[in-house]
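# Architecture and fold: a report
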Amino acid sequence: MYAITIPQPGGPEVLTWAEVADPVAGDGEVVVEVAATAVNRADVMQRRGHYDPPPGASPYPGLECSGRIAEVGPGVSGWSVGDEVCALLAGGGYAEKVAVPAGQLLPVPKGVDLVTAAALPEVTATVWSNVFMVAHLRPGETLLVHGGSSGIGTMAVQLAKAVGATVAVTAGSAEKLAACRELGADILVNYREQDFTEAVTPDVILDIIGAKYLQRNVDALAVNGRLVVIGLQGGTKAELNLATLLSKRAAVAATSLRPRPREEKAAIVGAVREHVWPLIEAGAVRPVVDRTMPLVEAAEGHRVVEESTHIGKVLLTV
Ligand SMILES: NC(=O)c1ccc[n+]([C@@H]2O[C@H](COP(=O)([O-])OP(=O)(O)OC[C@H]3O[C@@H](n4cnc5c(N)ncnc54)[C@H](OP(=O)(O)O)[C@@H]3O)[C@@H](O)[C@H]2O)c1
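The model shown is predicted, which means the values in this text are computed figures rather than measured ones.

## Structural notes on the overall build of the protein
On a plain count of helices and strands, the protein comes out with nine helices and 15 strands. Its C-alpha atoms give the protein a radius of gyration of 19 Å, near enough to 20 Å, the size a compact globule of 318 residues would have. Seen through its principal axes, the protein has C-alpha atoms that stretch 55 × 40 × 35 Å. With 318 residues in all, the protein has 54% of them scored as buried. Nonlocal contacts in the protein, meaning residues at least 24 apart in sequence, comprise 67% of its contacts between residues at least 6 apart. Total accessible area on the protein is roughly 13000 Å²; 51% of this is exposed by carbon and sulfur atoms. In the protein, 26 side chains carry a positive charge and 35 a negative one; their mean positions are 6 Å apart.

## Points about helix α3 (residues 151-162)
With twelve residues, α3 extends 17 Å between its outermost C-alpha atoms, agreeing within 8% with the 16 Å of an ideal straight helix rising 1.5 Å per residue. Within α3, ten of the twelve residues are buried, which leaves it mostly tucked inside the rest of the structure. Taken together, the buried positions of α3 are occupied by G151, I152, G153, T154, M155, A156, V157, Q158, L159 and A160. Backbone geometry just after α3 places G164 at a positive phi near 90°.

## Here's the deal with the packing of aromatic side chains
A full pass over the atoms with the stated rule returns three aromatic pairs. When the ring of F196 is compared with that of Y213, the centres are 5.1 Å apart and the planes differ by 55°; the resulting orientation is tilted. On the criterion of sequence distance, the pair formed by F196 in the loop between β10 (187-190) and β11 (204-207) and Y213 in the loop between β11 and α5 (214-220) is long-range, its members being 17 residues apart. You can call F196 buried: its relative accessible area is 1%. Directly above the ring of Y51 sits R258, whose terminal nitrogen or CZ lies 5.0 Å from the centroid.

## Looking at the layout of surface pockets
Roughly 450 Å³ of internal volume is contained in the second largest pocket. Along the walls of the second largest pocket sit 27 residues, with G56, A57, S58, A90 and A99 positioned nearest its centre. For the lining of the second largest pocket, the secondary-structure elements that each account for two or more residues are β6 (97-101) and α7 (262-275). No other element matches β6, which puts four residues into the lining of the second largest pocket. Grouping the amino acids of the lining of the second largest pocket by side-chain chemistry returns 15 nonpolar, five polar and seven charged.

## Remarks on the packing of helix α2 (residues 121-134) against α3
For the pair α2 and α3, the least separation of the axes is 9 Å and the interaxial angle reads 55°. Classified by the interaxial angle, the pair formed by α2 and α3 is oblique. Judged by the sense of rotation from one axis to the other, the crossing of α2 with α3 is right-handed. The segment α2 lies against α3, with E122, V123, T124, T126, V127, W128 and F132 engaging G151, I152, M155, A156, L159 and A160. Split into classes, the residues belonging to the contact of α2 with α3 amount to nine nonpolar, three polar and one charged.

## Regarding the domain arrangement of the protein
Once the domains are mapped, the protein shows domain 1 (2-120 + 258-317) and domain 2 (124-254). Relative placement of domain 1 and domain 2: their C-alpha centres are 26 Å apart. Each partner contributes to the roughly 1600 Å² buried at the junction of domain 1 and domain 2, and carbon and sulfur atoms together form 69% of this total. Our count for the contact surface shared by domain 1 and domain 2 stands at zero salt bridges. Between domain 1 and domain 2 we count four residue pairs in polar contact (both at pLDDT 80 or more) in total. Counting only elements with at least two residues in the side of domain 1 that touches domain 2, the list comes to α7 and α8 (277-281). It is α7 that contributes the most residues to the side of domain 1 that touches domain 2, four residues altogether.

Cut-offs and rules
Residues numbered from 1 in each chain as written. Predicted model: local features only at pLDDT ≥ 70, side-chain atom pairs only at ≥ 80, totals over all residues. Heavy atoms only, no water. Helix = DSSP H or I, 4+ residues; strand = E, 2+ residues; numbered from the N terminus. Rg over C-alpha atoms; globule rule 2.2 N^0.38 Å. Buried < 20%, exposed > 50% of the residue type's maximum accessible area, 1.4 Å probe, protein only. Contact = heavy atoms within 4.5 Å. Areas by Shrake-Rupley, 256 points an atom, 1.4 Å probe, with all protein chains shown as cover. Lys, Arg positive; Asp, Glu negative; His and termini not counted. Charge placed at Lys NZ, Arg CZ, Asp CG, Glu CD. Expected span 1.5 Å × (residues − 1). Phe/Tyr/Trp six-rings, centres within 6.5 Å; stacked < 30°, edge-to-face > 60°. Lys NZ or Arg CZ within 6 Å of the ring centre and 35° of its normal. 1 Å grid on protein atoms, 1.4 Å probe; cavity = no way out; pocket = protein on both sides within 12 Å on 5 of 7 lines; lining within 4 Å. Points joined across faces, edges and corners; volume = space filled by probe spheres on them. Nonpolar A, V, L, I, M, F, W, Y, C, P; charged D, E, K, R; others polar. Axes fitted to C-alpha atoms, helices over the stretch in contact; angles between N-to-C directions. Parallel < 35°, antiparallel > 145°, perpendicular 65-115°, else oblique. Left-handed = near helix turned anticlockwise from the far one by under 90°. Domains from an automatic or database assignment. Buried area = accessible area lost by both parts, 1.4 Å probe. Salt bridge = Lys/Arg side-chain N within 4 Å of Asp/Glu carboxyl O. Polar contact = N/O pair within 3.5 Å; in protein donor to acceptor, adjacent residues only side chain to side chain.

Written as structure tokens, this is what we have:
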């Protein structure tokens, strides 16, 4: 088969379409013939040489895909050759075929086409596991989503609205904030013009900035607030005044999805299928796709994400 490979770390131009060995369906795995994958920030970091795949994962980038099952390995039940699926991956989505643990498969939701389904696994699993399984956002509470127009942000806004929360977002342009408003966001903060701590007192914050926002995030939190850090775009090291955390009885958590063991990923994917899939099939939540381009043009997809001109997901089709 062919895959996008990273012969050496560097700019988007290092991404190379090359012939590689076909994947094999191991115990508990299926092989998916990929229809589409998506560009995630983690792929950009991997390409630059800053984010190695976890042990045992495919060396090729791509944390999610959609496609058809081409082969079913030993010990897999409930899935058959030809089934249309999407999947959460530890890597290897930028390829014609990928081996996937069966616990990380999801059926293509009704009303979503096969290519668009590639926009769903990473954002639904990340948002559900953090905002709901870690931070326990409840109806009537307020969620602040940093980077509301990102792939992650567009899903977080919709899921929080669907469960009856108030949603605040930060973004860097009027166009991006307008897109968040269309998805249901109630409070819009252009972080280039306004300090978010003056605009909202959130019960939960989904943060992708890390160090640069840590103290201000805790300052902004309501009493009993929960901050979940999932991205480190603003650095890894910061000082925090614990007195603020203590007086608010607040909590700070941080998680990463990719290196988790298969069983944990399967539990998250199961929860997504139970709680998020019905919302998508009812039309209450939808995948937001900025653009779709051929996988062989992955370099261009990486440039788009690095320039951050996109709203939602950038998809790559095989
Ligand atoms: N921990 C995990 O398991 C996990 C899983 C998936 C993703 N992530 C992380 O989640 C983040 C979003 O991922 P993605 O794939 O959705 O990326 P993406 O679409 O490229 O989004 C990145 C976003 O960051 C925003 N941004 C940059 N500086 C900002 C600031 N100072 N304040 C607020 N927003 C700012 C950009 O918006 P503007 O143009 O408006 O600045 C852009 O929308 C990434 O950091 C990624 O690494 C973590």
